[in-house]
Amino acid sequence: MASRLYCRCLAARSNVWGSIQGGRGLVTQAATAKRSLDEFEPSGPRMKTAVPGPLSLDLQKQLGEIQNVQSLNFFCDYEESRGNYLVDVDGNCMLDVYMQIASIPIGYNHPALMSIMTNPRNLSSFVNRPATGMLPPRSFTEKLLDGLLSVAPKGMKRVQTMACGSCSNENAYKGIFIWYRTKQRGHSDPTPEETVTSVINQAPGCPDLSILSFMGGFHGRTLGCLSTTHTKAIQKLDVPSFDWPIAPYPKLRYPLDQYARENAQEESRCLEEVEDLIVKWEKKGKPVAGIVIEPIQAEGGDNYASFDFYRKLRAIAKKHGSAFLVDEVQTGGGATGLFWAHEHWGLDDPADMVSFSKKMLTGGFFYKDEFQPDKPMRIFNTWMGDPTRNMFLSEVLKVIKQDNLLDQVKRTGHVMLNGLYDLQARYPHLLSRARGLGTFCAIDVKDEDSRNKLILKARNKGVVMGGCGTQSIRFRPALVFKEHHAHLFLSIFNDALAEMK
Ligand code: PSZ
């Protein structure tokens, strides 16, 4: 199936690329009728310079004149990048197991996505970005049904698109607060006092409600979300914050089977603390309207809790009348082997809201019926997403289905995790705590400095990886990352490890 798809799309695309690019790059490949992912992309990394190379450094200097470039790694050549391989401006071709911070679902320049761009019937969608809350295009509902709602988590038939992960969570929180106040009042009509005070940031119009979050969680950097983000000081420093409760997230000891009893106790301790905090904040006059949590704390260091922990947390939210919001911005879209990571938990009582972005290509959140405000423009902004992103997502979902990519993820994830176990046995002084679900894997390095060195070493050997937490390396390949890519990655990673002192 995969080969047929690539063949068809490349052929369809070749003319357009030919006229735009004068026969360079992708067109040359189309002309020779490459038939599969393996043929579409390079057979392995190809390094010409250290990374960043001279051209990257030059461009970085230029950009540095107009903005902060301290987070910049290197400049990329997206036209030349293919599948699992990212090419930089110096012509280095690298196997990408980080994929733009976990946000590329089916690899670079996937023909199915290129064909959306080259279809002349889609032109007006790209040229005229609509205010979808007021003036959506004809196909808007159909595309949502065909795309996002075809993968809606259990218990949810409604979805609101947004631009990015932060604004998805930000609006989900607002939906929770509106739901909570409507529930408290018994209806949604404000008193005259509420109406007046809301405009001047005072109670009762702006009530003291809270969202409970977890230490080590990351939910975005906008002002509301930032109050629920607790990863690094640099993300929070100097910015005012809400006084909202922060619960401890379980710190599990590895290997898990060896510490089953201790870990279960640790999870119970955290759940007790959640209940205590809910009671405390209620007493303080800032009731917990909602609980937000990631299925795996990603930015915070790929921290896991058991499925049982999450089921119990869901029950606690219900017991106290708090909404339960699962942030699947980083975990959603298939990388854990199921489309949504929280499906692994086997909840009887579904979550109330699920937010997404990254691999879903559009931000947004699914929600239960009762979380829909009954008045217009309570959850609203200019674009509320982008219909062209929904078009891309529909294609991605087709490819996931046609090419059985979730099974692929499970198979590759198996190779990755076993390979990481082997490496940690071979380099016990450097590596520990290999962990993962599907290809959503991570490993710890002995300290932050060694972790950073290892990432740079591997990059110069042709593998792009990312860090998370204080000393972890996280793996976030695309869903088209196959077993042979995993073997290749493990071998290069091994070479980098062998050179570490
Ligand atoms: O440093 C940063 O701002 C980063 S690096 C990776 C992310 C943010 N991830 C974004 C993210 C996320 O992982 C979870 C679980 N929730 C929300 C967000 C925010 O999404 P964006 O970045 O699209 O606003």
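Shown above is the structure to which this text applies.
Since the model is a prediction, treat every value here as computed from it, not as a measurement. All residue numbers refer to position in the chain's written sequence, counted from 1. pLDDT decides what is reported in this predicted model: residues at 70 or higher carry local features, side-chain atom pairs at 80 or more are listed and counted, and totals for whole chains, interfaces and linings draw on all residues regardless. In computing side-chain values, all of the structure's heavy atoms are included and hydrogens and water are not.

Q: Can you walk me through empty space enclosed by the protein in this structure?
A: The gaps of empty space that remain are located by a probe, the size of a water molecule, rolled over the atoms. Think of a 1 Å grid over the protein atoms and nothing else: a 1.4 Å probe that fits but is trapped marks a cavity, an open set flanked by protein within 12 Å on at least five of seven lines marks a pocket, and residues with an atom within 4 Å of a point count as lining. Grid points are joined across faces, edges and corners, and a volume is the space filled by probe spheres set on the points. The full count for this structure, using the stated rule, is 1 cavity of 30 Å³ or more. Considered as a void within the structure, the largest cavity measures approximately 50 Å³ in volume. Every residue along the wall of the largest cavity is listed here: Pro295, Ile296, Tyr304, Ala305, Phe307, Tyr310, Ala341, Trp345 and Leu437. Any residue outside Ala, Val, Leu, Ile, Met, Phe, Trp, Tyr, Cys, Pro, Asp, Glu, Lys and Arg is labelled polar, Gly included; the first ten of those are nonpolar and the last four are charged. In terms of residue class, the lining of the largest cavity is made up of 9 nonpolar, no polar and no charged.

Q: Help me out: how do you make sense of the state of the cysteines in this one?
A: By definition, a disulfide is the covalent link that joins the sulfur atoms of two cysteine residues. The term disulfide is used for any two cysteine sulfur atoms that are within 2.5 Å. A full pass over the atoms with the stated rule returns 0 disulfides. No disulfide involves cysteine 93; its sulfur sits 12 Å from the nearest other cysteine sulfur, which is in cysteine 76. No disulfide involves cysteine 206; its nearest neighbouring cysteine sulfur is the one of cysteine 225, lying 18 Å away.

Q: Is there a simple way to explain the sheet that holds strand E12 (residues 463-464) in this structure?
A: What holds strands together in a sheet is hydrogen bonding between their backbones, with the strands either parallel or antiparallel. Pairing between two strands requires that DSSP report at least two bridges joining them. Where helices and strands are cited, they refer to DSSP runs of H or I of at least four residues and of E of at least two residues respectively, numbered from the N terminus. Strand order in the open sheet made by the 3 strands is E1-E2-E12, with mixed pairing throughout. Because the sheet does not close on itself, it has two edges, and the strands there are strand E1 (85-87) and E12. Alignment of E1 against strand E2 (residues 93-96), held across 3 bridges, turns out to be antiparallel. Following the sheet pairing, valine 87 is matched in E2 by cysteine 93. We call two residues in contact when some of their heavy atoms are within 4.5 Å. Only the contacting stretch of a helix is used when fitting its axis, a line to C-alpha atoms as for every element, and angles between N-to-C directions run 0 to 180 degrees. With respect to the sheet, helix H17 (residues 483-498) is in contact with E1, E2 and E12, its orientation differing from that of E2 by roughly 110°.

Q: Honestly, the sheet that holds strand E7 (residues 323-327) in this entry has me stumped. Any pointers?
A: Reading across from one edge, E3-E9-E8-E7-E6-E4-E5 is the order of the 7 strands in this open sheet, with mixed pairing throughout. One side of each edge strand has no neighbouring strand; the edge strands of this open sheet are strand E3 (158-162) and strand E5 (246-247). By the bridge criterion, 3 bridges tie E7 to strand E8 (residues 353-356) in an arrangement that is parallel. Residue pairing across strands places leucine 325 opposite methionine 353, the latter belonging to E8. Sitting on the sheet, helix H12 (residues 260-283) touches strand E4 (210-214), E5 and strand E6 (288-293), and the angle it makes with E4 is about 155°.

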